[in-house]
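Overview (structure and organization)
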Amino acid sequence: MLKQRLQAVRKRIARACEKCGRDPATVRLVAVSKTMPAARVEAAITAGAAILGENYIQEAREKASALSRHAVSWHFIGHLQTNKAKYAVRIFDLIHTVDRLKLARELDKQAARIGKIQPVLVQVNISGEQSKSGIAPQETEKLLRAVSALEHIQVRGLMTMPPFFDQPEKARPFFKSLYRLSRRMAETGIAGVGMDELSMGMSGDFEVAIEEGATLVRVGTAIFGERQ
Ligand SMILES: *Cc1c(COP(=O)(O)O)cnc(C)c1O
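**Observations regarding the site of the ligand**
For the ligand, the set of nearby residues contains 13 residues, the closest of which are Lys34, Asn55, Ser203, Gly220 and Thr221. Between lysine 34 and the ligand, the recorded distance is 2.7 Å, taken from a side-chain N or O atom to an oxygen atom. Within the contact set of the ligand, an oxygen atom lies 2.5 Å away from a side-chain nitrogen or oxygen of threonine 221. Relative to its unbound accessible area of 390 Å², the ligand is 90% covered by the protein chains. Residues belonging to the shell around the ligand are distributed by class as follows: six nonpolar, four polar and three charged.

Shown next, in the form of structure tokens:
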């Protein structure tokens, strides 16, 4: 069941790439395993999931430790409290949700402690909704400039979560804006800041996100089924 679902998602990714003339190898699938027990995550790994996305530090610590024999990559996609940075740098190959300098500084400090350069994305609140985390688009350059001075974290791109719509087409303008912002940021050429990754698109809208340039799609429900 899980295997079929995962294959179906991969097919949808391939079809979306074909539609817009992109190489499917440029889109990576993050299987969002939040709230799923370790056994189910392991089933997903066995079925071929290579990147797992988690939202909660304690839960991720438990699962990453239980599944440490598997050579998979863990990505953090939730809201990160500054006091959890020390755990985050130990577990995650990519943190998608850096949205403030204070958090970036703490990640830098904790990464330095363990001799790591931590790859991160900057989360942008592209819709400006009050309820959403992420930095305002017009503040992004300033944050990137400040973060570029930190030696133990490395920005790889941007991430966003548009408002929820039941029609994926409605998310398209938000994906377009994030793409445009990332191109503008790339043009500023801030030293040490990469703009190759765009994390956008979830179960309901990842095809549209791919058409608009996503390189990382975060898919939970379409792979694991509804969360409890
Ligand atoms: C839960 C979550 C997802 C996955 O959502 P689905 O609709 O289940 O695919 C993606 N991104 C973030 C940030 C999430 O919290």
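What follows picks up the thread again.
**Topic: a positive patch on the surface**
On the surface, a cluster of positive charge is made up of Arg61, Lys86, Arg90 and Arg113. Structurally, arginine 90 is set in helix H4 (residues 85-91). Of the residues examined, arginine 90 reaches a relative accessible area of 54% and is grouped as exposed.

Reading the values: the criteria
- Residues numbered from 1 in each chain as written.
- Predicted model: local features only at pLDDT ≥ 70, side-chain atom pairs only at ≥ 80, totals over all residues.
- Heavy atoms only, no water.
- Near = heavy atom within 4 Å.
- Polar contact = N/O pair within 3.5 Å; in protein donor to acceptor, adjacent residues only side chain to side chain.
- Areas by Shrake-Rupley, 256 points an atom, 1.4 Å probe, with all protein chains shown as cover.
- Nonpolar A, V, L, I, M, F, W, Y, C, P; charged D, E, K, R; others polar.
- Patch = residues over 30% accessible without salt bridge, like charges linked within 9 Å, V, L, I, M, F, W, Y side chains within 5 Å.
- Salt bridge = Lys/Arg side-chain N within 4 Å of Asp/Glu carboxyl O.
- Lys, Arg positive; Asp, Glu negative; His and termini not counted.
- Charge placed at Lys NZ, Arg CZ, Asp CG, Glu CD.
- Helix = DSSP H or I, 4+ residues; strand = E, 2+ residues; numbered from the N terminus.
- Buried < 20%, exposed > 50% of the residue type's maximum accessible area, 1.4 Å probe, protein only.

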